[in-house]
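Each chain, letter by letter, is given below.
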Amino acid sequence: MNPNKALWEKGDFTRIAASMRESGEALVGSLGITEGLDVLDLGCGDGTTALPAARLGANVLGVDIASNLVEAGNRRAEAEGLANLRFQEGDASNLEDIGDDSFDLTVSIFGAMFAPRPFDVAKEMVRVTRPGGRIVMGNWIPNDPTLVAQILKISSAYSPPPPEGFVSPMTWGVESEVTERFTSAGAQPENVSFERDTYRFDFPGPSVELVSIFRDYYGPTMNAFDAAEANGKSAELEEELVTLFEAQNDSADPSTSSIPATFLRVTVAL
Ligand SMILES: C[S@@+](CC[C@H](N)C(=O)[O-])C[C@H]1O[C@@H](n2cnc3c(N)ncnc32)[C@H](O)[C@@H]1O
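These figures come from a predicted structure and were not determined experimentally.

### A word on the pattern of salt bridges
Part 1 of the argument: This model, assessed by the stated rule, comprises 16 salt bridges.
Part 2 of the argument: The closest approach of N and O atoms between Lys5 and Glu9, which form a salt bridge, is 2.8 Å. Residue Lys5 and its partner Glu9 are located together in helix H1 (residues 3–10), separated by four residues, close to a single helical turn.
Part 3 of the argument: What makes Lys5 buried here is its relative accessible area of 16%.
Part 4 of the argument: In this structure, Asp46 engages Arg21 in a salt bridge whose closest nitrogen and oxygen atoms are separated by 2.8 Å. You can see Asp46 sitting in the loop between strand E1 (38–42) and helix H4 (50–55) and its partner Arg21 sitting in helix H3 (residues 21–29), a full 25 residues away along the chain.
Part 5 of the argument: Asp46 sits in the buried class, given a relative accessible area of 2%.
Part 6 of the argument: When salt bridges with common partners are traced through the structure, they connect Lys5, Glu9 and Glu89 into a single cluster.

Right, here's the structure in full:
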């Protein structure tokens, strides 16, 4: 099986996404979405950004490689009666089912960054977005001191080395790399812009419980625990993560968690 698909189907990202809803809605609120806009949400998970975009009246297609998340997204859309939102399976590296110039806005929040072959991903995002349209990505930043970059850094230290030729998803958090990918896909360099933004993970329990959610349901952390377990190091990994989460939790009430994470917001005007 495609290892990228296996990684995300292994867990249940809906359990993490539940802590990201408020930030997803706030981000969508900043995108200038209007009634009838055609929006693609790539690597959409169970719809943290796709649902709020559809609630604003956009026609939204969510595409994700994980079939369990596509099903979860469609269940959420149905439960809310959002007839202008549907989810389907697809790979950001090759959107073969989607025609050229299909969307006004292509959004990918911590989604397409995880697909292999980043130059193909940029090419596909540009291809399916109309001239005059926009691409907006949210990408974690390598070596950033905040939550998710640190989870991924700690997890990779316990995981086996990646296969030859593997390009780290974190390179999507490096401005020069992102510009090179989009310009080689046909965008003008002056139309690729960057800003730092923050997501918040809000969880109704202490940080130690949020670590357990990541351990049990977040593919990259699950793989790290599997590898650590085989080397007798799972307690060490757990301790590193608990220390990280507790240090970063800025909730006034320690029986709940609210943890900020910085990301690179990329906008490409086509
Ligand atoms: C960290 S989650 C983010 C999900 C969602 N965008 C959100 O904000 O909640 C990463 C998502 O990217 C999806 N993904 C990973 N590789 C992909 C690929 N090649 N094509 C499409 N989706 C992919 C995963 O299945 C997962 O849903």
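### A closer look at the site of the ligand
Part 1 of the argument: Taken together, 19 residues are adjacent to the ligand, and Asn4, Gly43, Asp64, Ala92 and Ile109 come closest.
Part 2 of the argument: Within the side chain of Asp64, an N or O atom sits 2.5 Å from an oxygen atom of the ligand.
Part 3 of the argument: Taking 590 Å² as the accessible area of the ligand by itself, protein coverage stands at 99%.
Part 4 of the argument: Split by residue class, the shell around the ligand holds eleven nonpolar, six polar and two charged.

Basis of the calculations
Residues numbered from 1 in each chain as written. Predicted model: local features only at pLDDT ≥ 70, side-chain atom pairs only at ≥ 80, totals over all residues. Heavy atoms only, no water. Salt bridge = Lys/Arg side-chain N within 4 Å of Asp/Glu carboxyl O. Helix = DSSP H or I, 4+ residues; strand = E, 2+ residues; numbered from the N terminus. Buried < 20%, exposed > 50% of the residue type's maximum accessible area, 1.4 Å probe, protein only. Near = heavy atom within 4 Å. Polar contact = N/O pair within 3.5 Å; in protein donor to acceptor, adjacent residues only side chain to side chain. Areas by Shrake-Rupley, 256 points an atom, 1.4 Å probe, with all protein chains shown as cover. Nonpolar A, V, L, I, M, F, W, Y, C, P; charged D, E, K, R; others polar.

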